[in-house]
Amino acid sequence: MVYVWFVLWPTVQAFQFSITDWDGLSADFSWVGLENYRTLITGDSVFARAVGNSLAFMLVVVIGQTILSLALAVALLRSTRISIALRALFFFPTVLSSVAVAFIWSFVYDPTFGLANRLLLAVGLGSWQQPWLGDQQMAIYYLALVQIWFHAGQMMVVYIAGLQQIPQELYDAAALDGAGRWQKFRHLTFPLVQPATVIVVAYTTIQSFKAFDLIIASTGGGPNHATEILATLIYDSAFRNFEMGYAAAQSVIFMVIIAAITLLQRRAVSLASGGSNR
Amino acid sequence: MSPAPTAPDTPRPRRERRRRVLLDWSGLPRGLLLAVYALLVAVPLVVVVLTALKTSQQMYADPFGLPPNPSLANFTELLRGGRIGISFVNSVLVTSVSVVTTLVVASWAAFSIARIGGRLGLVLFAGFSLGLAVPAQVAMIPQYVIFDQLGLTNSLLGLILINIAVTCSVAIFILTGFFRTLPGELFEAAEIDGASTWQLYWRIALPLSTPSLAAVAIFLFVMHWNDLLYPLLFISDPDKATLPKALLDFKGEYTTNYPVLFAGVIIASIPMIVAYVLLQRWFVAGITAGAVRG
């Protein structure tokens, strides 16, 4: 009951609100049909920016985190004492709250006394110093790196579980055939660990769309909407600017985008597995 | 939990030899990757702890260095203010009640779905799985309106209810998957012996599912303890804030006073860190189960 009332029903209501000009406070509002959608698509540069940022953020996080977590998993597969210790260390950020992670990295990126700039100065790369999160072009990518740092260890564990399923005999046979390391990785490890890759990519995509907490706590979407993603924009429209109807329309588009990406991924997976496994 | 093996039905020897060949990529890039990443993870965490022991002036003078005369002043300042103590209690309350209730409700629901089977079971299962596909930000506006109408804003009960509502799909999803793997003969045998449905659940299904329940519990614990979205939406009264919300409010108050902020970060993370250190294997299994199934 609680579930239907608080989760399923609100999703339906989001559609209803999205065709009104309701401000979230007053009792009166009027139906405006698809007006909100028209404005969003044709005349809202902030919205366009947020869509672009969300996609850029997602792309960098998904690609970066998948590669990094696979590399870490392969490097730490052997259960020696040191690799178990490193696995524990790499996993650790995942248990922190987004707010904690946002504060830690605000400090690292701080332009005046942050670790990143100090470190560059210390190794003689002082000219590379930057305002990091103040950089309107690049800030969203610097936040994507934080997101990767946050969850790469978690995905590494998924990969380790996947890698442990691969039978050694295949590698022995490949070695007999004279395959090199890279060939073994490309023709054995990578295709055989594909079930884990599917999970990692799907989960990382969802996670990156949920980066709301991280961005609210670090930049709040600024400067000048440089790190605005759809989730933060919806929050701002609804609860800071009190444009509930408009925000609801944004959230509907948000859901459509997520659904489209999920479908595309399913498609890609079924194509890939149809080609390589059967 | 882990993906099914794609390889033919060969016995899988777990000899050291196997690992060695799988891992045989040249030592240098591997060592370099691990060393660099270890520094990337460890250095910020160490600096957080060191900074929390400094004064603001000491941090400005030397952000990298050891605290010249380490003190817990930042922690006592925060705790004396009282706010963080209240938030801590709120977080404990909200998290523990949410986790326990979700587990009870979800395990019973999952058991029923798995037992009913057939078309009705599928419909119920699909209905709950639907919740997995809805991003929180889509539902949050109507949720806020509903909460406002019900007077559930600024209430811990409201937070608990929304927590249960949004996580019961994941929990039911994972647990139904588990209950379906239990052999039906087990239940049939017990039914012949005259066991009621409740006894089947309480005496057979639950004891067998302890590892799954533990994994789900840890997953929920981490999720609720760290949640920011719902406190941000529904709580404006500082006395009702949970820790992540309280931390965010500190940011406004202490702007860039990182020593105090980091003392807050550490206080807010202590239960997580303690649990992680004590229950490490379970912890990893729990959070990853959430990732794999959810």
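In this text, all values refer to a predicted model and were calculated from it rather than measured experimentally. (Residues numbered from 1 in each chain as written. Chains lettered and ligands numbered in written order. Predicted model: local features only at pLDDT ≥ 70, side-chain atom pairs only at ≥ 80, totals over all residues. Heavy atoms only, no water.)

All names here are of chain A. Position of Leu163 among the secondary structure elements: in helix α7 (residues 139–163). For Leu163, a relative accessible area of 1% translates into the label buried. Once the C-alpha coordinates of Leu163 and Leu70 are considered, the two residues, 93 residues apart in sequence, prove to be 9.3 Å apart. (Helix = DSSP H or I, 4+ residues; strand = E, 2+ residues; numbered from the N terminus. Buried < 20%, exposed > 50% of the residue type's maximum accessible area, 1.4 Å probe, protein only.)

A few words now on the packing of helix α5 (residues 98–109) of chain A against helix α2 (residues 27–52) of chain B. Relative orientation and spacing of two packed helices are given, respectively, by the angle between their axes and the distance between those axes. Packing of α5 of chain A against α2 of chain B leaves a shortest axis separation of 10 Å and a crossing angle of 95°. By the criterion of interaxial angle, the relationship of α5 of chain A to α2 of chain B is roughly perpendicular. Contacts between α5 of chain A and α2 of chain B involve Ile104, Trp105, Phe107 and Val108 of chain A on the former and, on the latter, Leu40, Pro44, Leu45, Val47, Val48 and Thr51 of chain B. Partitioning the contact of α5 of chain A with α2 of chain B into residue classes produces nine nonpolar, one polar and no charged. (Axes fitted to C-alpha atoms, helices over the stretch in contact; angles between N-to-C directions. Parallel < 35°, antiparallel > 145°, perpendicular 65-115°, else oblique. Contact = heavy atoms within 4.5 Å. Nonpolar A, V, L, I, M, F, W, Y, C, P; charged D, E, K, R; others polar.)

Residues and elements named next belong to chain B. The sites that UniProt annotates as "transmembrane region" (unreviewed entry) are residues 27–53, 84–110, 122–144, 156–179, 200–223 and 258–279. Along residues 84–110 one finds 100% helix and 0% strand; the C-alpha atoms at either end are 37 Å apart. Helix makes up 96% of residues 200–223 and strand 0%, and the two end C-alpha atoms of the span are 30 Å apart. (UniProt positions renumbered as here; feature names shortened; annotations may be inferred.)

All names here are of chain B. Domains assigned within chain B are domain 1 (16–61) and domain 2 (82–287). Here domain 1 and domain 2 have C-alpha centroids that lie 32 Å from each other. Facing nine residues of domain 1, the contacting portion of domain 2 comprises seven residues. For domain 1, the biggest contributors to the area lost against domain 2 are Val48, Ala52 and Met59; these three give 56% of the whole. Here domain 1 and domain 2 share zero salt bridges between them. At the level of elements, α2 and α3 (56–61) are the ones that each hand at least two residues to the side of domain 1 that touches domain 2. The element that contributes the greatest number of residues to the side of domain 1 that touches domain 2 is α2, accounting for four residues. Per-class residue counts for the side of domain 1 that touches domain 2 are five nonpolar, three polar and one charged. (Domains from an automatic or database assignment. Buried area = accessible area lost by both parts, 1.4 Å probe. Salt bridge = Lys/Arg side-chain N within 4 Å of Asp/Glu carboxyl O.)

Looking now at the UniProt feature "transmembrane region" (unreviewed entry) in chain A. Taking the UniProt record as the reference, the feature "transmembrane region" (unreviewed entry) is found at residues 55–77, 89–109, 139–161, 188–206 and 244–264 of chain A. Secondary structure over residues 139–161 of chain A splits into 100% helix and 0% strand, and the C-alpha atoms at its two ends are 34 Å apart.

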